[in-house]
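Architecture and fold: a report
Listed here are the chains, written in short residue letters.
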Amino acid sequence: MLKYVIGCSLICLAILAASSGFAQPIALDDEAKKRYSDITQKSLKTPNNLSRTTYHLAQELTANCQSDLEKARSIYVWMTHNISYDMRSFEAGIYPDYRPRAVLNRKEALCGGYAELFAALCIEAELNCKIINGFSKGYGYEPGAKFEVINHAWNAVEIDGEWWLIDATWGATSMNTTSVRNPMREAYFMPEPEQFLLDHLPEIEAWQLVNNPISLAEFEAGPLAIEEKLNTPGNFNFQDSLSALFELDASMFKIEYQKRVSLFNPNNTSADYFIGTEYLYRGLDLLETVHELTTPDIAEKMPALESRIFDLFSEAAFHFSGLKPNSPYFEQGQALLDETIFQKGVCKYEIAHRMIEIYSSYSAQAKRDQFIAFEALVDQYFDQARLYFAQIPIESRYFDDATEYQQEYLSKRFAEL
């Protein structure tokens, strides 16, 4: 979510962008054209009191729709005529709540708010819709300008098994600082991907929806470079690439997505933060399962579990360490690096206590026979925990917790044996 705020805080005032008049890409017969027009008119007449929740609004907007195309069209028409671009917030550098309910209440948004609301309405209308982040040549853009961080958000919607791009921000008719209403821009409702790429570049190749994706450098170079690349043969299968992403669970999707972001734009200063965060969260989730193991399962399952937890924490630490000082997430990444190291110590500490549980379950004779072996094993885990805790710098918010572990617990590590 934070990415959308940061992206829109740059140059996403695309509502003033010029329209190139792209044609509607889906061929419609006379009957479909009539329904298409009727859906547009009905959307414009939707009562304002039905726009308090995404559920009720989506139900009203799509009640008479007979296809996914008509649903997407109705949502786009309503949004571009009823949500104003929030110029005041943009110019003041204040970025308000962009969640769908907040956008509906205010009837204004920045690009992240448009993309979030469009996606939410699509979901309520049972449309498969995604939020796309990337670069745009909107307000303030000058030919030849370089792009360092994402500055815009839009949507991709699946119609009859095929993905199409939609930018409700650029299609909008007004701003909250003027009463002037411009015509809705048809150019940004499901244009041909090759046309869309002239001023929109997703942060991963697959969402370009072309088989010969352009690079960031070609996007920066301008229309001639873009068209030259698109006119050359390509063998990139964007559908297979997207399908491979969608098959992943939510956490691995985020990790793989950010890896693609970094691969597409090696100068990206933030991808490591998001990748590291996902690895840290996966490690923390797995650490919770240490407590769930039954005593008989500890000896059998703990080694593999410990190895997996540390692999995840090590991946997290690697990516947090890779953040550059110019990244907007650098300080947050350093704090999470401290947390990752701290959690490694916690993991060793918790495993030591699970080992003590095994020892406690033994008979008196077995305890006497196994004491030396268990003492060495427990001491090893506690000592490893101490080493991790000792790495936490004094200025870290985890320093006091690490000190407490060492002073109050590690000194008593054999009390339970």
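See the structure above.
Residues numbered from 1 in each chain as written. Predicted model: local features only at pLDDT ≥ 70, side-chain atom pairs only at ≥ 80, totals over all residues. Heavy atoms only, no water.

1. Concerning the overall build of the protein chain
Secondary structure summary: the protein chain contains 18 helices and six strands in total. C-alpha extents for the protein chain along the principal axes are approximately 90 × 45 × 45 Å. For the protein chain, the proportion of its 417 residues judged to be buried stands at 50%. Relative to all contacts within the protein chain whose residues are 6 or more apart in sequence, the contacts with residues 24 or more apart total 69%. Accessible surface, the protein chain as shown: approximately 19,800 Å² in total, 51% of it carbon and sulfur. Computed over 36 positive and 59 negative side-chain charges, the separation of the two mean positions in the protein chain equals 4 Å. (Helix = DSSP H or I, 4+ residues; strand = E, 2+ residues; numbered from the N terminus. Buried < 20%, exposed > 50% of the residue type's maximum accessible area, 1.4 Å probe, protein only. Contact = heavy atoms within 4.5 Å. Areas by Shrake-Rupley, 256 points an atom, 1.4 Å probe, with all protein chains shown as cover. Lys, Arg positive; Asp, Glu negative; His and termini not counted. Charge placed at Lys NZ, Arg CZ, Asp CG, Glu CD.)

2. Description of unusual backbone geometry
Positioned with a positive phi, Asp160 is a non-glycine residue whose angle comes to about 50°. With respect to the helices, strands and loops of the structure, Asp160 is situated in the loop between strand S4 (152-159) and strand S5 (162-166).

3. Some words on the side chain of Ser327
If you trace the backbone, Ser327 turns up in the loop between helix H15 (295-321) and helix H16 (330-360). What makes Ser327 buried here is its relative accessible area of 6%. Contacts of Ser327, omitting those with residues within four sequence positions, involve Thr269 and Ser270.

4. Describing the packing of H16 against helix H18 (residues 399-409)
Contact geometry for H16 and H18: axes closest at 10 Å, N-to-C directions at 25°. One finds that H16 runs roughly parallel with respect to H18. Crossing geometry of H16 relative to H18 is assigned as left-handed. Each of Phe342, Val346, Tyr349 and Glu350 in H16 lies in contact with H18, whose residues at this interface are Asp401, Ala402, Tyr405 and Tyr409. Its residues assigned to classes, the contact of H16 with H18 comprises six nonpolar, no polar and two charged. (Axes fitted to C-alpha atoms, helices over the stretch in contact; angles between N-to-C directions. Parallel < 35°, antiparallel > 145°, perpendicular 65-115°, else oblique. Left-handed = near helix turned anticlockwise from the far one by under 90°. Nonpolar A, V, L, I, M, F, W, Y, C, P; charged D, E, K, R; others polar.)

5. Let's talk about the pairing of S4
Along any regular strand the residues' side chains alternate between the sheet's two faces. Of all eight residues that make up S4, seven are buried, and the element is covered over most of its length. With five bridges connecting them, S4 and S5 associate as antiparallel partners. What sits directly across from Glu158, in S5, is Trp163. Between S4 and the antiparallel strand that follows it, S5, lie two residues; Asp160 among them carries a positive phi value of about 50°. (Pairing = 2+ DSSP bridges.)

6. Here we look at the nonpolar core
Counting 57 residues, the largest nonpolar core has Ile75, Met79 and Trp207 as the members making the most contacts within it. For this core, the element with the most residues is helix H4 (residues 68-82), which contributes seven residues. Apart from residues lying up to four places away in sequence, Ile75 is in contact with Leu61, Phe118, Leu121, Cys122, Ala125 and Leu127. (Core = buried A, V, L, I, M, F, W, Y, C linked by side-chain atoms within 4.5 Å.)

7. Observations concerning the environment of Ala27
Here Ala27 lies in the loop between helix H1 (2-8) and helix H2 (30-44). Considering only alpha carbons, one finds Ala27 and Ile166, 139 residues apart in sequence, at a separation of 17 Å.

8. Concerning the packing of aromatic side chains
With the rule as written, the count across this model stands at 26 aromatic pairs. Ring centres of Tyr141 and Phe147 lie 6.0 Å apart, and the angle between their planes is 15°; this geometry places the pair in the stacked category. Looking at Phe147, the relative accessible area reads 10%, which means it is buried. With 5.4 Å between their ring centres and 50° between their planes, Tyr359 and Phe374 make a pair best called tilted. Taken together, the residues Tyr359 in helix H16 and Phe374 in helix H17 (residues 364-389) connect sequence positions 15 residues apart. Note on accessibility: Tyr359 and Phe374 belong to one class, buried. Members of the aromatic cluster, each reached through a chain of ring pairs, are Phe342, Tyr349, Phe382, Phe389, Tyr398 and Tyr405. The residue whose ring lies beneath Arg73 is Phe189, and the NZ or CZ to ring-centre distance is 5.3 Å. Lying over the aromatic face of Phe219, Lys137 brings its terminal NZ or CZ to 4.2 Å of the ring centre. (Phe/Tyr/Trp six-rings, centres within 6.5 Å; stacked < 30°, edge-to-face > 60°. Lys NZ or Arg CZ within 6 Å of the ring centre and 35° of its normal.)

9. Some remarks on the sheet that holds strand S3 (residues 129-136)
One open sheet accounts for four strands, arranged S5-S4-S3-S6; its pairing is antiparallel. With one partner strand each, in any of the chains shown, S5 and strand S6 (200-202) form the two edges of the open sheet. Shown here is a sheet whose adjacent strand axes are inclined to one another by a mean of 45°, direction ignored. Across the sheet, H4 lies against S4 and S5, angled at about 155° from S4, the strand it touches most. Each of S3, S4 and S5 is contacted by helix H7 (residues 111-124), which is oriented at about 20° to S4, the strand it contacts most.

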